[in-house]
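Examination of the molecular architecture
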Amino acid sequence: MLEIKGLHAEVVGREILRGLDLQVKAGEVHAIMGPNGSGKSTLAQVLAGRDTYAVTAGTVRYLGQDLLELSPEDRARAGVFLAFQYPVEIPGVSNNYFLRTALNAVRKYQGQEELDAVDFLALVQKKMKLLHMDDALMKRAVNEGFSGGEKKRNEIFQMAVLEPKLAILDETDSGLDIDALKMVAEGVNALRDPERAVLLVTHYQRLLNYIVPDYVHVLSGGRIVKSGGKELALELEDKGYGWLGEPDLVDAGAAGRRGA
Amino acid sequence: MPLFGLKDATTGVFASYMARFAGQDPRPAWLHELRQQAFARFSDMGFPSHRDEGWRQTNVAPIAGSVFEPQPPLPAAELVRRVRALDLPGVDWRPEACRLVFVNGYFAPGLSSTAAPAGCKVGSLAERFAADGSELRAHLDHEDERRQPFVALNASFLSDGAVIEIAPRAVVAAPISILYLTTGTVEHKGCSHPRTVVLAGAESEVSIIETCAGFAGEVYFTNAVTSFEIGDNARVEYTRIEQESLAAYHVSKLRSRQGRDSRFTAHSISLGGGLVRNNVHAILDGEGTECVLNGLFALDGAQHVDNSTVLDHARPLGTSREYYKGVLDGKAVGVFNGRIIVREDAQHTDAIQSNKNLLLSDSAATISTQPQLEIYADDVRCTHGATVGQLDAQALFYLRSRGMGLEESRKLLIYAFAADVLSRVGNPELRAELEKLLWRKWAE
């Protein structure tokens, strides 16, 4: 589904991704771990099409298409979803309008019929129930005045409504209490499907107790330096990053343990 | 030095004012005297120039240099059709509505509906002047406005306008709407000097909507003066919608004087006009008054819109809130001058002023925003803040990352920024109509 080869990306002249390779097949859940500054969030943002990052080399194929050629909106319409590390507040735009417009843009692109207000409401109510969310949310402005946890839950709620093919969660677990974390995990697990894939970018092992990944990758210095099964996450939890012998990771070892 | 004074009496422009002045009906005598005094003051002052305090950023030379002419009347049926086609929010065409329509400064009974709600007296000033009307004199000639050239000019040609009187304790449920329509062409520029007088009795409640508009591309000058006298404990909402032609000049003055414990909310929605100057002087002249000035100006192309407001706290325990937002595109120029005066007697004043601006084009549009606090009392709270920014790149990316197109996302963010101003409009029908107007402007 997703094939990243030799990806290099920079922000204001500073190279952050330095030859990243990754392959994700439909139905798989991949966890990307690594210390601060290793390029985790950059990877997530580059995949979603944020233009503050310049891709200088490499390719990204998504469902047979050149992903880097697509505008951010076309990536979303083609089924890529990024749950933001820091969801943006948009005063004056209601969740209801925002989400319905977004969903219909996606549906139109995929050749499906657009939903009218009634059908949309029914869908939204179903998803809200699934994620134990309050109806009042739909009338509120997008993320305005939300707590950190509410914003993250709203990301998962949007994901549940948009039903992406490739969901990228950028540190969605950071700063969540255990109840909110379980809810996020529930939302992701409900989306798991042989046709979909999930990329979990995380700093902490804790999330992986609730969303069990098929693969775990360690990102360091803008490259994947180690890949393994779910047991790799436990090993990292135990030993930190230092044992991997990567020069960039020696200092980060302590950070890894503190984070866990 | 004024752009013209009596010395220029021989020039075409001043001669045109002289001729129009001389052509007026000298009755009733008191009104004629009022006009003569006003015209003498105007002739003495002339139009303000960019050297005059308060006019440095707005050059009215195009107004000062133009000859404005009386307009031929339009056939009634055509006028009705064209006016209704403007689809102006706040102008209620339902037969039961109370609506005063003026064309080129004169009352148009055929377009109006003066079925006044209970407790209200509504009509044209011309009607009142025909039966003398000298009881209105004090409300047509305020000492503090005598040195204001555009008010003096308006008074020089005072002959018609709207007068609305609300009896004490009357609660008027439906809004009363006033429309000032002005016409004109490039060859024969039109002009109107409409006057609005609202007298709200003690403990009354009313909502007034004043619209100034014209047809697309027409060239004219509207010089509107509005006065509110608000009784003790009255609740008054006033919505001013400026939708002039983009080739038109528009100058307005709003003066409000509030009695104790009253509340006055004035919305100013400025969308049209090529050269626009809106002056506001809100006088909190009783203890415990509350005044809200809520404004939006949305400009594009070569528009120049200047909002100069004065919140005048004259008595203790007054609260004022001023929220103005600007959206500027193209090569537009916006000016916001917000002056707050807290007089010696106005202890425990609580004033907050905010002016937020969104610049859409890369560098061509400009905004000048200036707060001015003059505080003569020692126990007050006064805060002000101004921002100038562009569309939030993160918000834009966020919307796009969910599948919304770039243009659609931009428009939605602009709309949301502007529509925030409308959240303070109390009347839900009017708010919905204005939201629709902004939605059409940006999001559709």
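Residues numbered from 1 in each chain as written. Chains lettered and ligands numbered in written order. Predicted model: local features only at pLDDT ≥ 70, side-chain atom pairs only at ≥ 80, totals over all residues.

All right, on to unusual backbone geometry then. Residue and element names in this part refer to chain B. Look at the link from arginine 27 to proline 28: it is a cis peptide, with omega at -10 degrees. Relative to the assigned elements, proline 28 resides in the loop between helix H1 (12–22) and helix H2 (29–45). The phi angle at glutamate 203 is positive, at roughly 60 degrees, despite the residue not being glycine. If you trace the backbone, glutamate 203 turns up in the loop between strand E7 (195–200) and strand E8 (205–213). A positive phi angle, near 60 degrees, is found at histidine 348, a position not held by glycine. Within the secondary structure, histidine 348 is located in the loop between strand E17 (333–342) and strand E18 (350–359). (Helix = DSSP H or I, 4+ residues; strand = E, 2+ residues; numbered from the N terminus.)

If you look at the biggest cluster of nonpolar residues, it comprises 190 residues, and the most contacted ones within it are Ile168(A), Leu200(A) and Ala418(B). Residue contributions to this core peak at 10 residues, all from helix H9 (residues 406–422) of chain B. Shared between two domains, this core takes at least three residues from each, and those domains are domain 1 (69–392) and domain 2 (393–444) of chain B. When near neighbours in sequence (up to four residues on either side) are disregarded, Ala418(B) contacts Leu296(B), Ala298(B), Lys325(B), Val327(B) and Leu438(B). (Core = buried A, V, L, I, M, F, W, Y, C linked by C-beta atoms within 7 Å. Buried ≥ 20, exposed ≤ 12 C-beta atoms within 10 Å, placed from the backbone. Domains from an automatic or database assignment. Contact = placed C-beta atoms within 7 Å.)

Glancing now at the sheet that holds strand E11 (residues 215–220) of chain A. Residues and elements named next belong to chain A. Ordered in space as E6-E9-E10-E3-E11-E12, the 6 strands form an open sheet in which the pairing is mixed. Each edge of the open sheet carries a strand with a single partner, namely strand E6 (80–83) and strand E12 (223–228). Between one strand axis and the next, the sheet turns by 20 degrees as a mean value, whatever way the strands run. Inspection of the sheet shows E11 paired to E12 by 5 bridges, in the antiparallel sense. Looking across to E12, one finds that histidine 217 is bridged to serine 227. Where helix H1 (residues 40–48) meets the sheet, its contacts fall on strand E3 (29–33), E6, strand E9 (166–170), strand E10 (197–201) and E11, and the angle it forms with E9 comes to roughly 145 degrees. (Pairing = 2+ DSSP bridges. Axes fitted to C-alpha atoms, helices over the stretch in contact; angles between N-to-C directions.)

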